[in-house]
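So you can see what is in the structure, the chains are spelled out below.
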Amino acid sequence: MPRLDRTELRRLPPECRPALDPGALRTRVVHFGLGAFHRAHQALWTEQAAARSGEPWGITAVAPRSAGTARALREQDLLYSLTERRPEGGATRVVAALTGALVLTEDAARVAALLADPEVTVVTLTVTEKGYHRLAGRTPCDGAVLDRKDPAVAADLERTAAGPGAAPPATVIGRLASGLAARMRAGAAPVTVVSCDNMADNGAVLGAAVREFVAASGWPDRETVLDRMATAVAFPGTVVDRIVPATAESDLARAAAVLGVRDTAAVTGEPYRSWVLEDIFAAPRPPWELDGALLVPDTTPYQLTKLRLLNGSHSALAYLGLAAGRDTVAGALDTDWGAPLVRGLCAELAPTLPPGGPDPADYAAELVTRFRNPAMQHRLRQIAADGSLKLPERWLPALRTLRAAGTPTPLLELALAGWVHTTHPDRQAADPAAETLAGCWSTHPEPTGTVRALLTALGAADLADDTALTGAIAARLPALRAGRIEV
Ligand code: CS2
């Protein structure tokens, strides 16, 4: 079977062809993070914005580490297919949004040139919580957010002190800081940098991390760079939403069967998708609103609703579902506790949400429908990964608010017990802190002691000191060990 590329486009079934001629695009957006989520979310809006406006908004995407996807895309003239997983059957079409696929390490000079290019006016990021190298539990309101002692950040900062000729930074934050610094030196052509990761205040966190990197760098002109950045670089907050499972072999086979060509960069996603952006752009941007993106003065109510209700119940389903021997989100919903857990957790969290966002009960009902989609095959293990970075965003701030108000938190306790259960060395989910988490079980074998140590490892020493909380979490563990979820 031939491989998907530009020459094959005219042979595709008409409904599978891209929304525009890929040859008409130019690189005006640089994106860090070449994962499935970007290809099924921002890339689609950008393709639609270009198609509907006639403006040539193309994206050069940069993979922070692995070269596999970038190579696959280059072999396919940067084309890939997206299958919408509808309960009644999939719909597949090719997306033409990319104008380049690079790898941060191999293509350092090209990435640097693009970040300085005045035609590039938007930089977007999907690098997951890990990519921000944040001090545990820190927000920009508490002071510094960047973990300068993180070995990767420390090594990057050392490189900046080595002067011209030093190797380029290896972290995305370091690379962005050095690219923006070069851009500021070259005349400060304004640019907007958009974090598309699941974090509260993602724009403010990214802006703070980049500025802190510049301030701690060895660049002699760092103060001038920071001054120029203050007016020439915007970091809006955004809320991205679409459930995108990791692509499986069966998805590649299905895409090939529909298209009649091989596509090793194929992605899939649920039919639902949304994008809310803070309207503080410093320079031209793709008219994403032509495809339904919402530009608002403040993303906070949308962000907290999405993080706490959607991502919060996703994580709860993941840990509890794994304890109950389930494999997918739809599988966890196909139990007597799945839907009550989602509705109950949303109701428990609702009082912590600011006004101005969606109605929590309607949102919960829609979540149950989205999570039940039998076509999704969204693995619980995928969601359970990196809990030490996700939970401080999804559960802990709301838990603090509720406990400070004396409000009972039974479902957050159950969810935390699910996470605790999954940190045991015999059952561990992937996590950058896996070793530390596993160590909590051997150094503190008594259950409330284990819970206390694990909460401390999450950067939540205050919650670890809440004996009523740690006792309630520990009390849930025996039922979970028996595979029973008691909502
Ligand atoms: C999920 C998210 O993997 C996870 O942690 O909760 O990726 C979720 O699917 C998206 O945020 C939905 O927009």
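From a predicted model like this one, the values you see are computed outputs, not experimental measurements.

## Here's the deal with the overall build of the protein
Here's step 1: Along its length, the protein carries 21 helices and twelve strands.
Here's step 2: Relative to the compact-globule value of 23 Å for 487 residues, the protein shows a C-alpha radius of gyration of 23 Å, a close match.
Here's step 3: Taken over the C-alpha atoms alone, the protein extends approximately 60 × 55 × 40 Å along its principal axes.
Here's step 4: Burial statistics for the protein: of 487 residues in total, 56% are counted as buried.
Here's step 5: A separation threshold of at least 6 residues defines the contact pool for the protein, and within that pool the share at least 24 residues apart is 76%.
Here's step 6: By element, 53% of the accessible surface of the protein is carried by carbon and sulfur atoms, the whole surface being about 18,600 Å².
Here's step 7: Side chains of the protein give 50 positive and 54 negative charges; the mean places of these two sets differ by 3 Å.

## Quick notes on the environment of G58
Here's step 1: Position of G58 relative to the elements: it lies in strand β2 (residues 57-63).
Here's step 2: According to the relative accessible area criterion, G58 is buried, its value standing at 0%.
Here's step 3: Among residues more than four places away in sequence, those in contact with G58 are L25, R26, T27, R28, V29, A97 and T99.

## What to know about helix α5 (residues 151-161)
Here's step 1: Taken together, the buried positions of α5 are V153, D156, L157 and T160. Down the axis of α5, the smallest arc covering the buried residues is 100 degrees, so these residues share one side. Set apart from the buried face of α5 by more than 90 degrees, the exposed residues are P151, E158 and A161.
Here's step 2: Residues of α5 that are buried in the fold lie against α6 (172-185) and α7 (202-216).
Here's step 3: One or two steps after α5, the chain reaches G163, where phi turns positive at roughly 80 degrees.

## Considerations on the domain arrangement of the protein
Here's step 1: The domain architecture assigned to the protein consists of domain 1 (6-296) and domain 2 (300-481).
Here's step 2: Here the C-alpha centroids of domain 1 and domain 2 sit 28 Å apart.
Here's step 3: Residue-level contacts link 28 residues of domain 1 with 27 residues of domain 2.
Here's step 4: Of the roughly 2,100 Å² buried between domain 1 and domain 2, counting both surfaces, carbon and sulfur atoms make up 56%.
Here's step 5: Taken together, the links from domain 1 to domain 2 amount to four salt bridges.
Here's step 6: Between R370 and E270 there is a salt bridge; the shortest N-O distance is 2.5 Å.
Here's step 7: At the junction of domain 1 and domain 2, the tally comes to 13 residue pairs in polar contact (both at pLDDT 80 or more).
Here's step 8: If you list the elements that add at least two residues to the side of domain 1 that touches domain 2, you get β3 (80-86), β9 (238-241) and β12 (294-296).
Here's step 9: Grouping the amino acids of the side of domain 1 that touches domain 2 by side-chain chemistry returns 15 nonpolar, four polar and nine charged.

## Section: the packing of α6 against α7
Here's step 1: Where α6 contacts α7, the axes come no closer than 9 Å and their chain directions differ by 70 degrees. What the angle tells us is that α6 and α7 run roughly perpendicular. Listed contacts from α7 to I173, G174, L176, A177 and L180 of α6 are L206, A209, V210, F213 and V214.
Here's step 2: Looking at the contact of α6 with α7, its residues break down into nine nonpolar, one polar and no charged.

## What about the sheet that holds β2?
Sheet strands line up and pair through hydrogen bonds in the backbone, either parallel or antiparallel.
Here's step 1: Spatial ordering of the open sheet is given by β5-β2-β1-β6-β7-β8, a layout of six strands whose pairing is parallel. Lying at the two open borders of the sheet, with one neighbouring strand each, are β5 (98-103) and β8 (233-234).
Here's step 2: As defined by bridge partners, strand β6 (residues 122-125) adjoins strand β7 (residues 191-195) across four bridges and the pair is classed as parallel. Following the sheet pairing, L125 is matched in β7 by S195.

## Brief notes about the site of the ligand
Here's step 1: Lining the immediate surroundings of the ligand are 13 residues, of which D241, K306, H314, K390 and R394 lie closest.
Here's step 2: Interatomic distance of 2.6 Å between a side-chain N/O atom of D241 and an oxygen atom of the ligand.
Here's step 3: At 2.7 Å from an oxygen atom of the ligand is found a side-chain nitrogen or oxygen belonging to K306.
Here's step 4: With the chains in place, 89% of the 340 Å² that the ligand exposes on its own is no longer accessible.
Here's step 5: Among the elements of the structure, β9, α10 (300-323) and α15 (387-394) are those that each provide at least two residues to the shell around the ligand.
Here's step 6: Partitioned by chemical class, the residues of the shell around the ligand number four nonpolar, four polar and five charged.
Here's step 7: For the shell around the ligand, the two domains that each supply at least three residues are domain 1 (6-296) and domain 2 (300-481).

The rules behind the values
Residues numbered from 1 in each chain as written. Predicted model: local features only at pLDDT ≥ 70, side-chain atom pairs only at ≥ 80, totals over all residues. Heavy atoms only, no water. Helix = DSSP H or I, 4+ residues; strand = E, 2+ residues; numbered from the N terminus. Rg over C-alpha atoms; globule rule 2.2 N^0.38 Å. Buried < 20%, exposed > 50% of the residue type's maximum accessible area, 1.4 Å probe, protein only. Contact = heavy atoms within 4.5 Å. Areas by Shrake-Rupley, 256 points an atom, 1.4 Å probe, with all protein chains shown as cover. Lys, Arg positive; Asp, Glu negative; His and termini not counted. Charge placed at Lys NZ, Arg CZ, Asp CG, Glu CD. Arc of directions from axis to C-beta. Domains from an automatic or database assignment. Buried area = accessible area lost by both parts, 1.4 Å probe. Salt bridge = Lys/Arg side-chain N within 4 Å of Asp/Glu carboxyl O. Polar contact = N/O pair within 3.5 Å; in protein donor to acceptor, adjacent residues only side chain to side chain. Nonpolar A, V, L, I, M, F, W, Y, C, P; charged D, E, K, R; others polar. Axes fitted to C-alpha atoms, helices over the stretch in contact; angles between N-to-C directions. Parallel < 35°, antiparallel > 145°, perpendicular 65-115°, else oblique. Pairing = 2+ DSSP bridges. Near = heavy atom within 4 Å.

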